[in-house]
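Topology and contacts: notes
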Amino acid sequence: MPPDLLAHALAAKGFMPEDEGALLHRHAAERAAAGPLLEVGTYCGKSAIYLGAAAQPVGGTVFTVDHHRGSEENQAGWEHHDPTLVDAGTGLMDTLPVFRRTIRAAGLEETVVAVVGRSTTVSKHWRIPLSLLFIDGGHAEEHAQNDYAGWAPWVVPGGLLVIHDVFPDPADGGQPPYHVFLRALRSGAFAEVETVGSMRVLRRKTGDAGHPVG
């Protein structure tokens, strides 16, 4: 990864360790020339820089989907709440301005495309095959399962599904992303490729883009 973009990624607000970011970038670089990359859960753009750094050299595109009002664990009263991300006018979380500044500073505005809306709403209308899908949205069971159901079918054969915050041991973190990981394996549509930290990489083995994955 180019040192300047790595510096931007490390400086950006977010919750991804450097080794997991490196894994995401490496696999995104493998897939970027084959079609668009998409992430669910933008937050302030940290992971979008890792993805964008992989797509930019080959003229690829990264779509990043988020309503930018913060997931449940980023609201007031929760451990990961950041009061600097609250819009003073509305009193609501709003990470979109920070994301836009982050991507502009990294020089990735022509590569990373923000799709502002709820994952379930956008996925309902999505019809573009994806070379790589990165799921890192809301971590409640409902949201994690909806992200998988709505987006995983659009991964092309041979394409990659990457899931963040997968913790088999409940003592290490919430279980919904782990349940999604198990669901993907049970479906038979995906096979595990690699693990680093809480990041799981799977490859689509059966079916075509747009076909249900189970």
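Here is a short report on the structure shown in this document.

Criteria and thresholds
- Note that residues are indexed from 1 along each chain, following the sequence as it is written.
- Residue-level local features of this predicted model are given only where pLDDT is at least 70; pairs of side-chain atoms are given and counted only at 80 or more, and the full residue set underlies all totals for whole chains, interfaces and linings.
- Water and hydrogen atoms play no part in the side-chain values, which are based on all heavy atoms of the structure.
- By convention, a stacked pair of Phe, Tyr or Trp rings (six-membered ring in the case of Trp) has centres within 6.5 Å and planes under 30 degrees apart, an edge-to-face pair has planes over 60 apart, and any other such pair is tilted.
- Each helix is a run of DSSP H or I of at least 4 residues and each strand a run of E of at least 2, with the numbering of both proceeding from the N terminus.
- Per-residue accessibility, obtained with a 1.4 Å probe over protein chains only, is compared with the maximum for each type, and a residue is labelled buried under 20%, exposed over 50%, and partly exposed between these values.
- Over a ring means this: the NZ of a Lys or the CZ of an Arg is within 6 Å of the ring centre and within 35 degrees of the ring normal.
- By nonpolar core we mean a set of buried residues, namely Ala, Val, Leu, Ile, Met, Phe, Trp, Tyr and Cys, connected to one another through side-chain atoms within 4.5 Å.
- By the convention used here, residues are in contact when the closest approach between their heavy atoms is within 4.5 Å.

Let's shift gears to the packing of aromatic side chains. Counted by the stated rule, this structure contains five aromatic pairs. Considering the side-chain rings of tryptophan 126 and tryptophan 151, the 5.3 Å spacing of their centres and the 65° angle between planes classify their relative orientation as edge-to-face. Within this pair, whereas tryptophan 126 is found in the loop between helix H5 (119-125) and strand E4 (130-135), its partner tryptophan 151 is found in helix H6 (residues 141-151), the two being separated by 25 residues in sequence. Owing to a relative accessible area of 0%, tryptophan 151 belongs among the buried residues under this scheme. What links up through ring pairs into an aromatic cluster is the set Phe63, Trp126 and Trp151. For the cation-ring pair, arginine 200 lies above phenylalanine 181, with the distance from its terminal atom to the ring centre recorded as 5.7 Å.

This paragraph deals with unusual backbone geometry. Its identity is not glycine, yet histidine 68 carries a phi of approximately 65°, on the positive side. Examined against the element boundaries, histidine 68 turns out to sit in the loop between strand E2 (62-66) and helix H4 (96-105). You can call histidine 68 buried: its relative accessible area is 1%. Residues other than glycine seldom take positive phi values, yet aspartate 165 does so here, at roughly 65°. If you trace the backbone, aspartate 165 turns up in the loop between strand E5 (155-163) and helix H7 (176-187).

Turning our eyes to something else, we now look at the nonpolar core. Ranked by internal contacts, the top residues of the largest apolar core, which has 29 residues, are Leu24, Leu37, Ile49, Leu51, Leu132 and Phe134. Contributing elements (two or more residues each) for this core: helix H1 (3-11), helix H2 (18-31), helix H3 (46-55), H4, E4, E5 and strand E7 (199-204). If we ignore the near neighbours within four places in the chain, the residues touching phenylalanine 134 are Met16, Leu24, Leu38, Glu39, Val40, Ser47, Leu51, Val162, His164 and Met199.

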